[in-house]
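Geometric and topological summary
What follows is the residue order along each chain.
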Amino acid sequence: VHEGAIGVLGLDQPKLQLASYKSWKKKGEVDWPSKGGWLGVTDKYWMTAFIPEQSEHIDAKIRAVTDSATGVDLYEAAYLASARGIAPGGKISEVSHLFAGAKTVPVLNAYKTALGIPRFDDAVDWGILWPLTKFTFTLLEFFYQRVGNFGIAILMLTVVIRLATFPLANKGFEMGVKMKKVQPELKALQAKFKDDPTAQQKEMMALYAREKVNPVTGCLPILFQIPVFYALTKVFTVTIEMRHAPFFGWIHDLSARDPTTIMNLFGLIPWDPGTAPLIGGILGGLLHVGIWPLAYGLVTWLSQSMTPQTGIDPTQQMLFKLMPIMFTFILAQYAVGLLIYWTWSGLITILQQYVMMRRFKVD
(Lines give C-alpha, C1' and ligand atoms only; values in the text may rest on other atoms or scores of the structure.)
Protein backbone atom coordinates (compact mmCIF):
# COMPACT_ATOMS: atom_id res chain seq x y z
CA VAL A 1 0.00 0.00 0.00
CA HIS A 2 1.45 3.35 -1.03
CA GLU A 3 2.27 5.81 1.77
CA GLY A 4 4.06 9.10 1.12
CA ALA A 5 3.69 11.89 -1.44
CA ILE A 6 0.81 11.71 -3.88
CA GLY A 7 -0.68 13.98 -6.51
CA VAL A 8 -2.19 14.23 -9.96
CA LEU A 9 -0.08 16.77 -11.83
CA GLY A 10 1.00 17.68 -15.35
CA LEU A 11 0.96 20.48 -17.91
CA ASP A 12 -0.94 18.66 -20.65
CA GLN A 13 -2.36 15.40 -19.32
CA PRO A 14 -2.31 15.17 -15.48
CA LYS A 15 -0.65 11.97 -14.29
CA LEU A 16 -0.69 10.22 -10.94
CA GLN A 17 2.59 11.07 -9.19
CA LEU A 18 3.76 8.91 -6.29
CA ALA A 19 6.81 8.96 -4.04
CA SER A 20 7.16 6.61 -1.07
CA TYR A 21 8.89 7.99 2.00
CA LYS A 22 12.03 6.01 1.14
CA SER A 23 12.32 7.34 -2.42
CA TRP A 24 11.18 10.79 -1.23
CA LYS A 25 14.10 10.98 1.21
CA LYS A 26 16.53 9.59 -1.36
CA LYS A 27 15.60 12.16 -4.05
CA GLY A 28 15.54 15.05 -1.59
CA GLU A 29 13.54 17.38 -3.83
CA VAL A 30 11.31 16.88 -6.87
CA ASP A 31 9.51 19.51 -8.95
CA TRP A 32 6.29 18.82 -10.87
CA PRO A 33 5.14 21.76 -13.04
CA SER A 34 1.42 21.49 -13.54
CA LYS A 35 -1.79 23.14 -14.64
CA GLY A 36 -4.26 22.56 -11.83
CA GLY A 37 -4.24 19.11 -10.29
CA TRP A 38 -3.58 18.41 -6.60
CA LEU A 39 -0.75 17.41 -4.26
CA GLY A 40 -0.54 15.95 -0.78
CA VAL A 41 0.67 13.35 1.68
CA THR A 42 -1.15 10.07 2.26
CA ASP A 43 -1.11 6.92 4.31
CA LYS A 44 -3.37 3.90 3.90
CA TYR A 45 -6.62 5.49 5.10
CA TRP A 46 -6.02 9.26 5.52
CA MET A 47 -4.67 12.07 3.37
CA THR A 48 -3.92 15.78 3.45
CA ALA A 49 -3.90 17.47 0.04
CA PHE A 50 -3.79 20.96 -1.49
CA ILE A 51 -6.06 21.64 -4.48
CA PRO A 52 -5.38 24.84 -6.46
CA GLU A 53 -7.66 26.39 -9.07
CA GLN A 54 -7.70 23.93 -11.97
CA SER A 55 -6.99 26.67 -14.54
CA GLU A 56 -3.89 27.93 -12.72
CA HIS A 57 -0.28 27.05 -13.57
CA ILE A 58 1.64 25.97 -10.48
CA ASP A 59 5.06 24.69 -9.51
CA ALA A 60 4.37 21.67 -7.27
CA LYS A 61 7.24 20.42 -5.17
CA ILE A 62 8.07 17.73 -2.62
CA ARG A 63 11.10 18.13 -0.38
CA ALA A 64 12.70 15.95 2.29
CA VAL A 65 15.29 17.25 4.75
CA THR A 66 16.73 16.14 8.06
CA ASP A 67 16.53 18.63 10.92
CA SER A 68 20.09 19.27 12.04
CA ALA A 69 19.11 19.93 15.63
CA THR A 70 16.84 16.95 16.27
CA GLY A 71 17.81 14.53 13.51
CA VAL A 72 14.14 14.17 12.59
CA ASP A 73 13.24 13.68 8.92
CA LEU A 74 10.90 16.39 7.62
CA TYR A 75 8.73 15.82 4.57
CA GLU A 76 7.10 18.73 2.77
CA ALA A 77 4.61 18.85 -0.10
CA ALA A 78 3.71 22.32 -1.41
CA TYR A 79 2.98 24.32 -4.53
CA LEU A 80 3.76 27.85 -5.70
CA ALA A 81 1.29 29.63 -7.97
CA SER A 82 2.31 31.95 -10.78
CA ALA A 83 3.32 35.49 -9.82
CA ARG A 84 0.72 38.21 -10.43
CA GLY A 85 0.91 41.96 -10.65
CA ILE A 86 -1.67 44.07 -8.86
CA ALA A 87 -2.45 47.47 -10.34
CA PRO A 88 -2.84 50.47 -7.97
CA GLY A 89 -6.29 50.32 -6.44
CA GLY A 90 -6.92 46.88 -7.90
CA LYS A 91 -7.42 43.55 -6.17
CA ILE A 92 -6.85 39.87 -6.86
CA SER A 93 -8.66 36.94 -5.28
CA GLU A 94 -7.10 33.49 -4.96
CA VAL A 95 -9.10 30.37 -4.10
CA SER A 96 -7.55 27.08 -3.09
CA HIS A 97 -8.86 24.08 -1.19
CA LEU A 98 -7.44 21.83 1.49
CA PHE A 99 -8.57 18.24 1.99
CA ALA A 100 -7.66 16.62 5.30
CA GLY A 101 -9.41 13.46 6.38
CA ALA A 102 -10.37 9.88 5.67
CA LYS A 103 -10.20 8.70 2.07
CA THR A 104 -13.86 7.70 1.88
CA VAL A 105 -14.53 6.95 -1.77
CA PRO A 106 -18.00 8.60 -2.05
CA VAL A 107 -16.59 11.77 -0.45
CA LEU A 108 -13.61 11.83 -2.82
CA ASN A 109 -15.93 11.34 -5.79
CA ALA A 110 -18.23 14.12 -4.57
CA TYR A 111 -15.34 16.62 -4.41
CA LYS A 112 -14.04 15.33 -7.75
CA THR A 113 -17.38 16.15 -9.38
CA ALA A 114 -18.13 19.41 -7.56
CA LEU A 115 -14.69 21.02 -7.98
CA GLY A 116 -13.52 19.27 -11.14
CA ILE A 117 -10.52 17.72 -9.35
CA PRO A 118 -8.83 15.27 -11.75
CA ARG A 119 -8.64 11.64 -10.56
CA PHE A 120 -9.22 12.59 -6.93
CA ASP A 121 -10.53 9.08 -6.19
CA ASP A 122 -7.06 7.77 -7.10
CA ALA A 123 -5.98 8.94 -3.66
CA VAL A 124 -7.00 5.36 -2.78
CA ASP A 125 -4.27 2.92 -3.86
CA TRP A 126 -6.32 0.74 -6.21
CA GLY A 127 -3.26 -1.15 -7.47
CA ILE A 128 -2.13 -2.25 -10.93
CA LEU A 129 -5.51 -3.79 -11.74
CA TRP A 130 -7.27 -0.56 -10.79
CA PRO A 131 -10.21 -0.89 -13.25
CA LEU A 132 -11.18 -4.26 -11.74
CA THR A 133 -10.53 -3.11 -8.16
CA LYS A 134 -12.61 0.07 -8.64
CA PHE A 135 -15.43 -1.88 -10.27
CA THR A 136 -15.42 -4.43 -7.46
CA PHE A 137 -15.63 -1.71 -4.81
CA THR A 138 -18.36 0.14 -6.73
CA LEU A 139 -20.49 -3.01 -6.76
CA LEU A 140 -19.86 -3.57 -3.04
CA GLU A 141 -20.81 0.02 -2.24
CA PHE A 142 -23.94 -0.29 -4.43
CA PHE A 143 -25.14 -3.37 -2.53
CA TYR A 144 -24.17 -1.88 0.84
CA GLN A 145 -26.32 1.21 0.24
CA ARG A 146 -29.29 -1.12 -0.17
CA VAL A 147 -28.73 -3.71 2.57
CA GLY A 148 -26.68 -1.74 5.12
CA ASN A 149 -24.20 -4.56 5.78
CA PHE A 150 -20.94 -5.05 3.91
CA GLY A 151 -20.92 -8.76 4.79
CA ILE A 152 -24.22 -9.32 3.01
CA ALA A 153 -22.96 -7.06 0.20
CA ILE A 154 -20.01 -9.47 -0.18
CA LEU A 155 -22.42 -12.41 -0.57
CA MET A 156 -24.39 -10.49 -3.20
CA LEU A 157 -21.18 -9.50 -5.00
CA THR A 158 -20.14 -13.16 -5.10
CA VAL A 159 -23.37 -14.13 -6.83
CA VAL A 160 -22.94 -11.33 -9.40
CA ILE A 161 -19.35 -12.35 -10.16
CA ARG A 162 -20.34 -16.01 -10.52
CA LEU A 163 -23.22 -15.10 -12.84
CA ALA A 164 -20.94 -12.90 -14.96
CA THR A 165 -18.37 -15.67 -15.28
CA PHE A 166 -20.88 -18.49 -15.59
CA PRO A 167 -20.32 -19.18 -19.32
CA LEU A 168 -16.55 -19.47 -18.80
CA ALA A 169 -16.89 -21.44 -15.58
CA ASN A 170 -19.56 -23.67 -17.08
CA LYS A 171 -17.26 -24.53 -19.99
CA GLY A 172 -14.44 -25.24 -17.58
CA PHE A 173 -16.55 -27.45 -15.33
CA GLU A 174 -17.97 -29.23 -18.38
CA MET A 175 -14.45 -30.02 -19.56
CA GLY A 176 -13.48 -31.15 -16.06
CA VAL A 177 -16.40 -33.58 -15.96
CA LYS A 178 -15.47 -34.90 -19.40
CA MET A 179 -11.92 -35.39 -18.17
CA LYS A 180 -13.24 -37.41 -15.25
CA LYS A 181 -15.28 -39.59 -17.59
CA VAL A 182 -12.19 -40.52 -19.66
CA GLN A 183 -10.04 -41.26 -16.60
CA PRO A 184 -10.44 -45.06 -16.86
CA GLU A 185 -9.31 -45.00 -20.50
CA LEU A 186 -6.40 -42.70 -19.64
CA LYS A 187 -5.22 -45.06 -16.91
CA ALA A 188 -5.48 -47.98 -19.30
CA LEU A 189 -3.33 -46.14 -21.84
CA GLN A 190 -0.78 -45.25 -19.17
CA ALA A 191 -0.51 -48.89 -18.15
CA LYS A 192 -0.37 -50.15 -21.74
CA PHE A 193 2.33 -47.72 -22.90
CA LYS A 194 4.21 -47.17 -19.62
CA ASP A 195 7.53 -47.97 -21.32
CA ASP A 196 6.86 -45.83 -24.40
CA PRO A 197 6.10 -42.20 -23.43
CA THR A 198 5.89 -41.06 -27.07
CA ALA A 199 3.25 -43.63 -27.98
CA GLN A 200 1.41 -42.93 -24.73
CA GLN A 201 1.25 -39.20 -25.51
CA LYS A 202 0.06 -39.90 -29.08
CA GLU A 203 -2.74 -42.20 -27.90
CA MET A 204 -3.80 -39.71 -25.22
CA MET A 205 -4.07 -36.92 -27.82
CA ALA A 206 -6.12 -39.22 -30.04
CA LEU A 207 -8.43 -39.99 -27.08
CA TYR A 208 -8.86 -36.27 -26.32
CA ALA A 209 -9.69 -35.55 -29.97
CA ARG A 210 -12.18 -38.43 -30.14
CA GLU A 211 -13.98 -37.39 -26.94
CA LYS A 212 -13.71 -33.63 -27.75
CA VAL A 213 -11.72 -32.97 -24.58
CA ASN A 214 -9.39 -29.98 -24.11
CA PRO A 215 -7.60 -30.13 -20.70
CA VAL A 216 -6.57 -26.45 -20.94
CA THR A 217 -10.21 -25.30 -20.94
CA GLY A 218 -10.70 -26.76 -17.48
CA CYS A 219 -8.05 -24.39 -16.11
CA LEU A 220 -9.78 -21.19 -17.27
CA PRO A 221 -12.02 -20.73 -14.17
CA ILE A 222 -8.94 -21.05 -11.93
CA LEU A 223 -6.98 -18.50 -13.99
CA PHE A 224 -9.85 -16.01 -13.76
CA GLN A 225 -9.82 -16.25 -9.96
CA ILE A 226 -6.31 -14.72 -9.79
CA PRO A 227 -7.27 -11.13 -10.77
CA VAL A 228 -10.47 -11.40 -8.71
CA PHE A 229 -8.43 -12.47 -5.69
CA TYR A 230 -6.07 -9.51 -6.21
CA ALA A 231 -8.91 -7.00 -6.60
CA LEU A 232 -10.76 -8.21 -3.50
CA THR A 233 -7.57 -8.26 -1.43
CA LYS A 234 -6.92 -4.66 -2.46
CA VAL A 235 -10.48 -3.60 -1.61
CA PHE A 236 -10.27 -5.06 1.89
CA THR A 237 -6.77 -3.63 2.41
CA VAL A 238 -7.02 -0.01 1.24
CA THR A 239 -10.66 1.13 1.53
CA ILE A 240 -11.57 2.69 4.84
CA GLU A 241 -15.19 1.58 4.29
CA MET A 242 -14.08 -1.98 5.12
CA ARG A 243 -12.30 -0.87 8.30
CA HIS A 244 -14.37 -1.90 11.35
CA ALA A 245 -17.26 -2.95 9.07
CA PRO A 246 -19.20 -5.68 10.94
CA PHE A 247 -20.86 -8.82 9.61
CA PHE A 248 -22.70 -11.07 12.06
CA GLY A 249 -21.74 -12.72 15.35
CA TRP A 250 -18.11 -12.38 16.27
CA ILE A 251 -17.06 -10.57 13.06
CA HIS A 252 -16.75 -6.86 13.90
CA ASP A 253 -14.10 -5.89 11.31
CA LEU A 254 -14.21 -7.34 7.79
CA SER A 255 -10.76 -5.89 7.02
CA ALA A 256 -9.08 -7.84 9.87
CA ARG A 257 -8.51 -11.57 10.21
CA ASP A 258 -11.00 -13.81 11.98
CA PRO A 259 -10.48 -13.05 15.70
CA THR A 260 -11.32 -16.61 16.79
CA THR A 261 -8.64 -19.30 16.92
CA ILE A 262 -8.61 -23.04 17.35
CA MET A 263 -5.76 -22.62 19.84
CA ASN A 264 -8.21 -21.56 22.60
CA LEU A 265 -11.18 -23.55 21.23
CA PHE A 266 -12.60 -20.41 19.59
CA GLY A 267 -12.82 -18.46 22.82
CA LEU A 268 -14.13 -21.20 25.12
CA ILE A 269 -10.80 -21.09 26.96
CA PRO A 270 -10.16 -17.57 28.36
CA TRP A 271 -6.60 -17.37 27.08
CA ASP A 272 -4.76 -15.42 24.39
CA PRO A 273 -2.35 -17.82 22.63
CA GLY A 274 -0.31 -14.87 21.39
CA THR A 275 0.85 -14.16 24.96
CA ALA A 276 2.39 -17.62 25.46
CA PRO A 277 6.14 -17.45 26.31
CA LEU A 278 8.54 -18.26 23.45
CA ILE A 279 5.88 -19.67 21.08
CA GLY A 280 3.34 -16.86 21.35
CA GLY A 281 4.37 -15.47 17.97
CA ILE A 282 3.66 -18.80 16.27
CA LEU A 283 0.41 -19.54 18.15
CA GLY A 284 -0.89 -16.03 17.50
CA GLY A 285 0.45 -15.93 13.95
CA LEU A 286 0.78 -18.93 11.64
CA LEU A 287 -1.35 -21.21 13.85
CA HIS A 288 -4.07 -18.60 14.38
CA VAL A 289 -6.86 -20.36 12.46
CA GLY A 290 -10.42 -19.22 13.13
CA ILE A 291 -13.88 -20.49 12.26
CA TRP A 292 -14.10 -18.86 8.84
CA PRO A 293 -10.68 -20.17 7.67
CA LEU A 294 -11.74 -23.68 8.72
CA ALA A 295 -15.03 -23.29 6.85
CA TYR A 296 -13.08 -22.15 3.79
CA GLY A 297 -10.72 -25.13 4.07
CA LEU A 298 -13.63 -27.59 4.38
CA VAL A 299 -15.45 -26.14 1.37
CA THR A 300 -12.23 -26.11 -0.69
CA TRP A 301 -11.51 -29.74 0.19
CA LEU A 302 -15.05 -30.78 -0.72
CA SER A 303 -14.88 -28.91 -4.04
CA GLN A 304 -11.50 -30.42 -4.83
CA SER A 305 -12.75 -33.92 -4.04
CA MET A 306 -15.37 -33.43 -6.76
CA THR A 307 -12.75 -32.25 -9.27
CA PRO A 308 -11.09 -34.86 -11.52
CA GLN A 309 -7.43 -35.50 -10.71
CA THR A 310 -5.89 -35.72 -14.15
CA GLY A 311 -2.23 -35.66 -13.14
CA ILE A 312 -0.36 -38.90 -13.81
CA ASP A 313 2.23 -38.14 -11.12
CA PRO A 314 1.18 -39.46 -7.66
CA THR A 315 3.35 -36.80 -6.02
CA GLN A 316 1.41 -34.06 -7.79
CA GLN A 317 -1.87 -35.62 -6.73
CA MET A 318 -0.67 -35.66 -3.11
CA LEU A 319 0.30 -31.97 -3.35
CA PHE A 320 -3.16 -31.12 -4.68
CA LYS A 321 -4.71 -32.90 -1.70
CA LEU A 322 -2.54 -30.88 0.68
CA MET A 323 -3.43 -27.55 -0.93
CA PRO A 324 -6.70 -26.98 1.02
CA ILE A 325 -4.79 -27.43 4.30
CA MET A 326 -1.96 -25.16 3.17
CA PHE A 327 -4.30 -22.39 1.96
CA THR A 328 -6.35 -22.61 5.15
CA PHE A 329 -3.29 -21.54 7.15
CA ILE A 330 -2.22 -18.93 4.57
CA LEU A 331 -5.61 -17.24 4.10
CA ALA A 332 -6.33 -17.35 7.85
CA GLN A 333 -4.02 -14.32 8.09
CA TYR A 334 -6.02 -12.38 5.46
CA ALA A 335 -9.08 -10.18 5.90
CA VAL A 336 -12.05 -12.26 7.04
CA GLY A 337 -14.18 -10.54 4.38
CA LEU A 338 -12.04 -12.25 1.77
CA LEU A 339 -12.63 -15.64 3.41
CA ILE A 340 -16.37 -15.01 3.50
CA TYR A 341 -16.25 -14.39 -0.25
CA TRP A 342 -14.21 -17.51 -1.03
CA THR A 343 -16.27 -19.76 1.24
CA TRP A 344 -19.56 -18.62 -0.29
CA SER A 345 -18.04 -18.81 -3.78
CA GLY A 346 -16.86 -22.35 -3.02
CA LEU A 347 -20.37 -23.41 -2.02
CA ILE A 348 -21.68 -22.07 -5.35
CA THR A 349 -18.89 -23.98 -7.11
CA ILE A 350 -19.91 -27.22 -5.37
CA LEU A 351 -23.52 -26.74 -6.44
CA GLN A 352 -22.43 -26.07 -10.02
CA GLN A 353 -20.14 -29.11 -10.02
CA TYR A 354 -22.96 -31.31 -8.72
CA VAL A 355 -25.34 -30.14 -11.46
CA MET A 356 -22.71 -30.71 -14.16
CA MET A 357 -21.83 -34.18 -12.89
CA ARG A 358 -25.49 -35.16 -12.84
CA ARG A 359 -25.89 -33.77 -16.35
CA PHE A 360 -23.03 -35.90 -17.68
CA LYS A 361 -23.98 -38.91 -15.52
CA VAL A 362 -20.67 -39.01 -13.62
CA ASP A 363 -20.59 -40.67 -10.19
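This section reports on the structure supplied with the text.

What counts and how
Residues numbered from 1 in each chain as written. Predicted model: local features only at pLDDT ≥ 70, side-chain atom pairs only at ≥ 80, totals over all residues. Heavy atoms only, no water. Helix = DSSP H or I, 4+ residues; strand = E, 2+ residues; numbered from the N terminus. Expected span 1.5 Å × (residues − 1). Buried < 20%, exposed > 50% of the residue type's maximum accessible area, 1.4 Å probe, protein only. Polar contact = N/O pair within 3.5 Å; in protein donor to acceptor, adjacent residues only side chain to side chain. Pairing = 2+ DSSP bridges. Phe/Tyr/Trp six-rings, centres within 6.5 Å; stacked < 30°, edge-to-face > 60°.

Let's shift gears to helix H4 (residues 150–164). Think of an α-helix as 3.6 residues a turn; residues three or four steps apart then line up on the same face. In this model H4 runs 20 Å from its N-terminal to its C-terminal C-alpha over 15 residues, within 8% of the 21 Å that 1.5 Å per residue would give. Taken together, the buried positions of H4 are occupied by Phe-150, Gly-151, Ala-153, Ile-154, Leu-157, Thr-158, Ile-161 and Arg-162. Regarding H4, its N-cap is Asn-149, as a side-chain oxygen of that residue lies 2.7 Å from the backbone nitrogen of Gly-151 further along.

It is worth spelling out the pairing of strand E4 (residues 38–42) at this point. Counting buried residues in E4 gives four out of five residues, a clear majority hidden from the surface. As paired strands, strand E1 (residues 4–9) and E4 are joined by five bridges and run antiparallel to one another. Across the sheet, residue Ala-5 finds its bridge partner in E4, namely Val-41. Two elements, E4 and strand E5 (residues 46–51), share four bridges in a ladder whose sense is antiparallel. In the sheet register, Thr-42 faces E5, and the bridge partner there is Met-47.

With that settled, the discussion passes to the packing of aromatic side chains. Counted under the stated rule, the structure contains 16 aromatic pairs. On the basis of an interplanar angle of 0° and a centroid distance of 4.0 Å, the ring pair of Tyr-144 and Phe-150 is categorised as stacked. Note on Phe-150: relative accessible area 5%, which makes it buried. A centroid spacing of 6.1 Å and a plane angle of 35° characterise the contact between Phe-229 and Trp-342, whose relative ring orientation is tilted. Within this pair, whereas Phe-229 is found in helix H8 (residues 220–238), its partner Trp-342 is found in helix H12 (residues 336–359), the two being separated by 113 residues in sequence.

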